[in-house]
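An overview of the molecular structure
Next come the chains, spelled out residue by residue.
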Amino acid sequence: MESKRQQKVGRQIQKDLGEIFQKDAQHLTSGSFVTITAVRVTPDLSIARAYLSFLPDKNKGFLLETIKDNTRFIRQKLAERVRHQLRIVPHLQFYIDDTAEYAAKMDLLFSDLVIPPAQPDEEDENN
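A short tour of the structure in this document, coming up. (Residues numbered from 1 in each chain as written. Predicted model: local features only at pLDDT ≥ 70, side-chain atom pairs only at ≥ 80, totals over all residues. Heavy atoms only, no water.)

**Details of the pairing of strand E1 (residues 33–41)**
Operational definition: In this description, strands pair whenever DSSP reports at least two bridges between them. Counting from the N terminus, the helices are the DSSP runs of H or I reaching at least four residues and the strands are the DSSP runs of E reaching at least two.
The pairing of E1 with strand E2 (residues 47–55) spans 8 bridges and is antiparallel. When the sheet's bridge partners are listed, Ala38 is paired in E2 with Tyr51. Between E1 and the antiparallel strand that follows it, E2, lie 5 residues; Leu45 among them carries a positive phi value of about 60 degrees.

**Some remarks on the pattern of salt bridges**
The line we're drawing: The term salt bridge refers to a side-chain nitrogen of Lys or Arg lying within 4 Å of a carboxyl oxygen of Asp or Glu. Burial status follows relative accessibility: with a 1.4 Å probe on protein chains alone, a residue under 20% of its type maximum counts as buried, one over 50% as exposed, and anything between as partly exposed.
The final tally for this structure, using the stated rule, is 3 salt bridges. Measuring nitrogen to oxygen at the nearest pair gives 3.7 Å for the salt bridge that ties Glu19 to Lys15. Separated by 4 residues within a single helix, Glu19 and Lys15 lie in helix H1 (residues 4–24), roughly one turn from each other. Using a relative accessible area of 22% as the deciding quantity, one classes Glu19 as partly exposed. We classify Lys15 as partly exposed; its relative accessible area is 47%. Close ionic contact of Arg81 with Asp24 constitutes a salt bridge, the shortest N to O distance being 3.4 Å. Taken as a pair, Arg81 in helix H4 (residues 71–82) and Asp24 in helix H1 lie far apart in primary sequence, 57 residues in all. What makes Arg81 partly exposed here is its relative accessible area of 27%.

**Quick notes on the packing of H1 against H4**
A pair of packed helices is characterised by two quantities: the angle between their axes and the separation of those axes. Put simply, the rule reads: Each axis is a line fitted through C-alpha atoms, taken for helices only over the stretch in contact, and angles between the N-to-C directions span 0 to 180 degrees. Any angle from 65 to 115 degrees is called roughly perpendicular, while one under 35 is roughly parallel, one over 145 is roughly antiparallel, and all others are oblique. By the definition used in this description, the sense in which the near helix is turned from the far one sets the handedness, with an anticlockwise turn below a right angle giving left-handed and a clockwise turn giving right-handed. Only heavy atoms enter the contact rule, under which two residues are in contact if any of them lie within 4.5 Å. Put simply, Ala, Val, Leu, Ile, Met, Phe, Trp, Tyr, Cys and Pro go in the nonpolar bin, Asp, Glu, Lys and Arg in the charged bin, and everything else, Gly too, in the polar bin.
One can describe the packing of H1 onto H4 by two numbers: an axis separation of 10 Å at closest approach and a directional angle of 120 degrees. When the axis of H1 is compared with that of H4, the two are oblique. Our pair here, H1 against H4, has a crossing hand that is right-handed. Across the interface between the two elements, Gln12, Ile13, Asp16, Leu17, Glu19, Ile20, Phe21, Lys23 and Asp24 from H1 touch Phe73, Ile74, Lys77, Leu78, Arg81 and Val82 from H4. Taken together, the residues of the contact of H1 with H4 sort by class into 8 nonpolar, 1 polar and 6 charged.

So, in structure tokens, the structure goes:
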């Protein structure tokens, strides 16, 4: 479980990364809309794991690799924004957030599920 400090730092990094991808790093996303769905920070605040979602999502792997290749640039932009709040800027790790795909898959599985109507119990008929 994350401490309040970890949650607070994670929310701040999430907000700042969102602004960085909208304003400073548009050239990295090649026209795709990037959403930072969550940021998890280690207890010592040294590593921040950012989970990304892309729209349209056709080249997610390529976009993620481009972002990973430019992590230093993104971390530098983050440092400019959080330099007064954080003593050390955490190292960034980026992952694709697949929770929306997983939810859609589960919805599809449940929609295809056929449940027969309940049969009255034999015990109810005997009473």
